[in-house]
Amino acid sequence: MARFTISKIKEIAEFLWWKGKITTSQKYLANKFNLTEGQIGELRDTPEYQKEVEFLMLRQRSAEDFEKWLKNHDEEYGNMNGFAKRMGLDPKVIPGMVKSVRKAHTDIAAGKTEVPESIPDPSKNVNLNAEDTIGVGRNSVYLYYDQQKRDSAESEGENVWECKIGMTIQELHTRIYQQTGTPPAERLKIGLHIKTDKHERIERIIHDILKVRGKHIEEGLGTERFLTNPAEVKEICEFIEKT
């Protein structure tokens, strides 16, 4: 435990917990939490990390909801291996964790211990307003960027900077939270929100056009980063809608 503080373990466990069904690579986690990939793997092998995940399993669901959660995993996947993979746990430890959480719920019902306070979904506290919203539809294509990178580019006379362009069928802020963590940097800006039911097509064409223009950033993490700006992407989107 000398190498990893409890706060760091909690931070990583909670980040992965709120990622939903998305599995995050160790490379991404290492970059995000300023650790090496080896340290991320070592941290998730500690008993303290396992206990933190177990505590999240307990505190985030009532006994009834916990059983429904287990049943849903069993019906959808046949086991809890997907959850174990997302959290970076050995699937073999999951049955013991489930047994421990069930016992804790029994103790709570018997008045032997207090109900632990749940953690509010942090994505609900993401108050980001898109600078420009266009289109109509249930889903989204979005562009966001780091204000600091925009300021740096503009100070050098550039009108393009690194932007992330993606799509989602989720509520937009929830998706951005899943990608950026708790909380998103204050300087993060949603430059363009495209509401559409053709999210896959629109995102693909935007990516393809920007790649043809030589604006794809290939190095580093992810494949959806481009040297562009909201106005250029909006112009491409308007062209797509006309075709």
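Residues numbered from 1 in each chain as written. Predicted model: local features only at pLDDT ≥ 70, side-chain atom pairs only at ≥ 80, totals over all residues. Heavy atoms only, no water.

Brief notes about the side chain of Asp146
Positionally, Asp146 belongs in strand S2 (residues 139–146). Residue Asp146 is classed as buried on the basis of its relative accessible area, which comes to 17%. In terms of polar contacts, Asp146 uses its side chain to reach the backbone amide nitrogen of Gln148, at 2.8 Å. (Helix = DSSP H or I, 4+ residues; strand = E, 2+ residues; numbered from the N terminus. Buried < 20%, exposed > 50% of the residue type's maximum accessible area, 1.4 Å probe, protein only. Polar contact = N/O pair within 3.5 Å; in protein donor to acceptor, adjacent residues only side chain to side chain.)

Structural notes on the sheet that holds strand S5 (residues 225–228)
Across the sheet, five strands lie side by side as S1-S4-S2-S3-S5; this open sheet has mixed pairing. The open sheet has two edge strands, strand S1 (133–135) and S5, and neither has a second partner. When the angles between neighbouring strand axes are averaged without regard to direction, this sheet yields 25°. Looking at chain direction, S1 and strand S4 (residues 188–196) are connected through three bridges and run parallel. Looking across to S4, one finds that Thr133 is bridged to His193. Sitting on the sheet, helix H10 (residues 199–212) touches S2, strand S3 (161–168), S4 and S5, and the angle it makes with S3 is about 155°. Across the sheet, helix H11 (residues 230–242) touches S1, S2, S3, S4 and S5, and the angle it forms with S4 is around 5°. (Pairing = 2+ DSSP bridges. Axes fitted to C-alpha atoms, helices over the stretch in contact; angles between N-to-C directions. Contact = heavy atoms within 4.5 Å.)

Details of the environment of Gln179
Here Gln179 is to be found in helix H9 (residues 172–180). Here Gln179 is in contact with Lys19, Tyr28, Tyr142, Tyr144 and Lys164, once residues within four sequence places are set aside.

Digging into the pairing of S4
Along S4, seven of the nine residues are buried, which leaves the element largely enclosed by surrounding structure. Direction of pairing for S2 relative to S4: antiparallel, over a ladder of eight bridges. Residue Ser140 lies in a different strand from S4, and its bridge partner there is Lys195.

Structural notes on unusual backbone geometry
Here Asn34, not a glycine, exhibits a phi torsion of approximately 55°, which is positive. Mapping Asn34 onto the fold places it in the loop between helix H2 (26–32) and helix H3 (37–43). Taking the relative accessible area as the measure of exposure, Asn34 reaches 71% and is therefore exposed.

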